[in-house]
Amino acid sequence: MKKQIPTTERVFQIFKELNQIPRPSHHEEHVADYLCQFAERLNLAYERDAENCVVIRKPATPGHEGTEPVVLLNHMDMVCVGMNDPLNDSIDAYVENGWMKAHGTSLGADNGIGLSMALAVLESADIIHRPLEVITTTNEEDGMSGAAQLSKDFLKGRKVINLDSEDYDTITTGAAGACLQFHRIPIERQAAPKDGNWYHIRFSGGLGGHSGVDINKNHCSTVTATQVLLNAIRQEHDFDITSVNIGEANASIASSAEIIICLPSADADFMKKQEQMMNKWLNNQFGNSDPGIHCTISPSDKQDTVIEHKTIDTLLNSLKKIPQGVVKMSETMTGTVETSNNIGRIQTEKDCIVVSTHTRSFIDNEMKKLSHAIAEAFASCDAKSETVMSAPAWQENQQSAFLQLTSDTFQDVLGWRPRMVAMHFVLEAGFFVQHYPGIQIASIGPRIVEPHSTSERVELSTIEDIWRVLLELLKRLA
């Protein structure tokens with residue numbers, strides 16, 4: 001009897017289940033539980049390490065035993081944008097005009113769709129494959145500590161299909177290195193002025209986006225917008241600030257901001273003028289690329305304390321020294337960003353202001369040099385910097401038999417040959433190459449647009465196509 005090739009129906013069912021499980025970075029224990037229970041239900045062997053990374057092993061289809069395992073790689077965390085309570089909120093997904101989206105939040109297609117495909121492969125009895133190792137890592141989006149700390153014997157396979165790519169028509173064969181740093185500017189507070197007018201400054205409606213793949217799309221970073229507005233106000237009036245909170249995630253372009261400010265002498269008419277001028281500037285700079293970004297300034301309740309002026313001066317002076325966005329385009333990869341830096345978040349905490357920077361480059365030395373210069377800029381202002389993650393760049397041999405087989409499979413299944421490209425986002429591949437000598441990685445995935453934002457969406461037809469490619473590639477590798 002001819003085997004029935006599975007459809008993506010089960011993929012979507014699993015994705016729906018995943019989206020009921022909160023999974024922000026650093027808090028993946030519940031989805032790790034889900035994966036272990038998934039394996040137990042199928043009577044499959046699995047391991048779970050101290051970082052909550054999970055590998056599930058499935059024997060080969062009868063007749064294909066004795067070969068080296070093939071690895072399916074995904075990560076279980078997601079960037080949670082637009083959620084009031086990421087530790088408890090589920091995702092409300094819907095379909096519109098051939099795309100899956102979420103109501104008011106990021107969707108989690110990065111990397112939930114790839115993970116759902118891998119689990120559907122584990123569950124099916126009708127897919128031909130050699131022995132499988134399905135590995136799902138933690139904290140990929142905010143430090144890659146899961147991949148960085150994998151033990152040397154966690155995987156046996158040396159051919160990896162990574163399902164974490166977002167460009168449907170490509171095989172990702174390289175990724176930029178990345179350095180995530182936290183910079184803590186110590187703060188001292190003092191009593192708020194007895195007299196003065198208090199205002200709540202808000203930036204909202206921005207597209208935000210992935211701080212790697214979207215960094216050259218001229219999306220407005222509210223870090224930059226906040227700098228422009230505060231510098232404009234400072235030209236005419238002194239002010240006090242009680243809190244600065246900008247951005248949603250370290251790996252995202254900041255799309256929102258809230259600042260509470262006190263001006264001793266400025267009246268409401270002055271601040272209304274600043275709001276109008278700011279929105280005019282936003283429209284001139286980002287009217288085509290980020291049309292929804294806007295600024296509102298409204299009266300605020302009086303606060304008890306403010307941050308000392310020297311701390312705010314330190315913050316603004318430091319930000320002047322730090323690049324935001326594209327630093328250099330590649331001379332060898334046309335149209336590709338080589339080096340960039342993104343200030344993802346600026347958050348006021350009890351005793352410090354924390355600034356996160358995400359520096360990326362295809363050249364490891366350039367990444368290290370720029371991240372060191374950023375840390376020095378903060379150090380000159382008595383801030384302390386911490387490197388949270390430093391991931392190496394990765395470049396695969398595009399002429400390898402494995403990548404050629406992957407390309408041929410696209411051609412035979414879909415009728416076209418994908419591009420092989422290096423992307424300006426960081427993948428865990430660099431760590432896998434370090435841990436497992438001889439490993440080869442082909443990264444594929446459906447079309448996901450504007451990940452790490454409330455506009456994140458995935459094109460349904462491309463999920464079906466990548467699923468078909470995946471099943472045929474597994475068969476050919478067997």
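Nothing here was measured: the structure is a model prediction, and the numbers come from that model.

**Some thoughts on the state of the cysteines**
Here comes step 1: Evaluation of the coordinates by the stated rule reveals zero disulfides.
Here comes step 2: In this structure Cys 220 is a free cysteine whose sulfur lies 10 Å from that of Cys 295, the closest cysteine sulfur available.
Here comes step 3: In this structure Cys 262 is not part of a disulfide, and its nearest cysteine sulfur, from Cys 295, lies 17 Å away.
Here comes step 4: Assessed through its relative accessible area of 0%, Cys 262 is described here as buried.

**So, the packing of aromatic side chains**
Here comes step 1: According to the stated counting rule, one finds five aromatic pairs in the structure shown.
Here comes step 2: Ring plane angle 75° and centroid distance 5.8 Å describe the contact between Trp 281 and Phe 286, whose orientation is recorded as edge-to-face.
Here comes step 3: The interplanar angle of 50° and the centroid separation of 5.6 Å between the aromatic rings of Phe 410 and Trp 416 together place this pair among those described as tilted.
Here comes step 4: Every member of this aromatic cluster is reached through a ring pair, and the members are Tyr 168, Phe 410 and Trp 416.
Here comes step 5: For Arg 41, the ring lying beneath its charged end belongs to Phe 38, and the centroid distance is 4.8 Å.

**Observations concerning the nonpolar core**
Here comes step 1: Of all hydrophobic cores here, the largest spans 60 residues; its most connected members are Met 117, Leu 119, Val 121, Ile 161, Trp 467, Leu 470 and Leu 474.
Here comes step 2: If sequence neighbours within four positions are ignored, Trp 467 has contacts with Pro 6, Thr 7, Thr 8, Val 11, Met 117, Ala 120, Val 121 and Ile 127.
Here comes step 3: By size, the runner-up hydrophobic cluster in this structure holds 42 residues, among which are Ile 233, Ile 261, Ile 293 and Ile 374.

**Remarks on the pattern of salt bridges**
Here comes step 1: Taken as a whole and judged by the stated rule, the model has 22 salt bridges.
Here comes step 2: Between Lys 272 and Glu 275 there is a salt bridge, and its shortest N-O distance comes to 3.1 Å. Of this pair, Lys 272 and Glu 275 both sit in helix α6 (residues 268-286), three residues apart, roughly one helical turn.
Here comes step 3: Residue Glu 275 is classed as buried on the basis of its relative accessible area, which comes to 12%.
Here comes step 4: Sharing partners across several salt bridges, the network here consists of Arg 10, Glu 17, Arg 41 and Glu 123.

**Some remarks on unusual backbone geometry**
What is expected of a backbone is that most residues other than glycine have negative phi and most peptide bonds are trans.
Here comes step 1: At the junction of Asp 110 and Asn 111, the peptide bond is cis and its omega measures out at 10° in the coordinates.
Here comes step 2: Its location among the elements puts Asn 111 in helix α3 (residues 109-123).
Here comes step 3: For Asn 139, which is not glycine, the phi dihedral falls at a positive 55°.

**Things to note about the environment of Tyr 168**
Here comes step 1: Structurally, Tyr 168 is set in the loop between β7 (159-162) and β8 (170-175).
Here comes step 2: Taking the C-alpha atoms as reference points, Tyr 168 and Pro 418, separated by 250 residues in sequence, lie 8.4 Å from one another.
Here comes step 3: Sequence-distant contacts of Tyr 168, that is, excluding residues within four places in its chain, are made with Phe 410, Leu 414, Trp 416, Gly 445, Pro 446, Arg 447, Thr 462, Asp 465 and Ile 466.
Here comes step 4: Within the structure, Tyr 168 has its side chain in polar contact with the side chain of Asp 465 (distance 2.5 Å).

**Some words on the side chain of Lys 58**
Here comes step 1: With respect to the helices and strands, the residue Lys 58 is situated in strand β2 (residues 54-58).
Here comes step 2: A polar side-chain atom of Lys 58 sits 3.1 Å from the main-chain carbonyl oxygen of Leu 122.
Here comes step 3: A polar atom in the side chain of Lys 58 sits 2.7 Å from the backbone oxygen of Ser 124.

**Here's the deal with the packing of helix α1 (residues 9-18) against α3**
Here comes step 1: The geometry of α1 relative to α3 is characterised by a closest axis approach of 8 Å and an angle of 125° between their N-to-C directions. In terms of orientation, α1 lies oblique with respect to α3. Of the two possible hands of crossing, α1 and α3 adopt the one that is right-handed. Where α1 abuts α3, its residues Arg 10, Val 11, Ile 14, Phe 15 and Leu 18 lie against Ala 109, Gly 112, Ile 113, Leu 115, Ser 116, Met 117, Leu 119, Ala 120 and Glu 123.
Here comes step 2: Residue classes in the contact of α1 with α3 are distributed as ten nonpolar, two polar and two charged.

**Quick look at the side chain of Asp 77**
Here comes step 1: Along the polypeptide, Asp 77 turns up in the loop between β3 (70-75) and β4 (93-96).
Here comes step 2: Here Asp 77 is buried and forms no salt bridge, its nearest opposite-charge partner Arg 23 lying at an N-O distance of 7.6 Å.
Here comes step 3: Reaching out from Asp 77, the side chain makes a polar contact with the backbone nitrogen of Glu 141 at a distance of 2.9 Å.

Rules of the game
Residues numbered from 1 in each chain as written. Predicted model: local features only at pLDDT ≥ 70, side-chain atom pairs only at ≥ 80, totals over all residues. Heavy atoms only, no water. Disulfide = S-S within 2.5 Å. Buried < 20%, exposed > 50% of the residue type's maximum accessible area, 1.4 Å probe, protein only. Phe/Tyr/Trp six-rings, centres within 6.5 Å; stacked < 30°, edge-to-face > 60°. Lys NZ or Arg CZ within 6 Å of the ring centre and 35° of its normal. Core = buried A, V, L, I, M, F, W, Y, C linked by side-chain atoms within 4.5 Å. Contact = heavy atoms within 4.5 Å. Salt bridge = Lys/Arg side-chain N within 4 Å of Asp/Glu carboxyl O. Helix = DSSP H or I, 4+ residues; strand = E, 2+ residues; numbered from the N terminus. Polar contact = N/O pair within 3.5 Å; in protein donor to acceptor, adjacent residues only side chain to side chain. Axes fitted to C-alpha atoms, helices over the stretch in contact; angles between N-to-C directions. Parallel < 35°, antiparallel > 145°, perpendicular 65-115°, else oblique. Left-handed = near helix turned anticlockwise from the far one by under 90°. Nonpolar A, V, L, I, M, F, W, Y, C, P; charged D, E, K, R; others polar. Lys, Arg positive; Asp, Glu negative; His and termini not counted.

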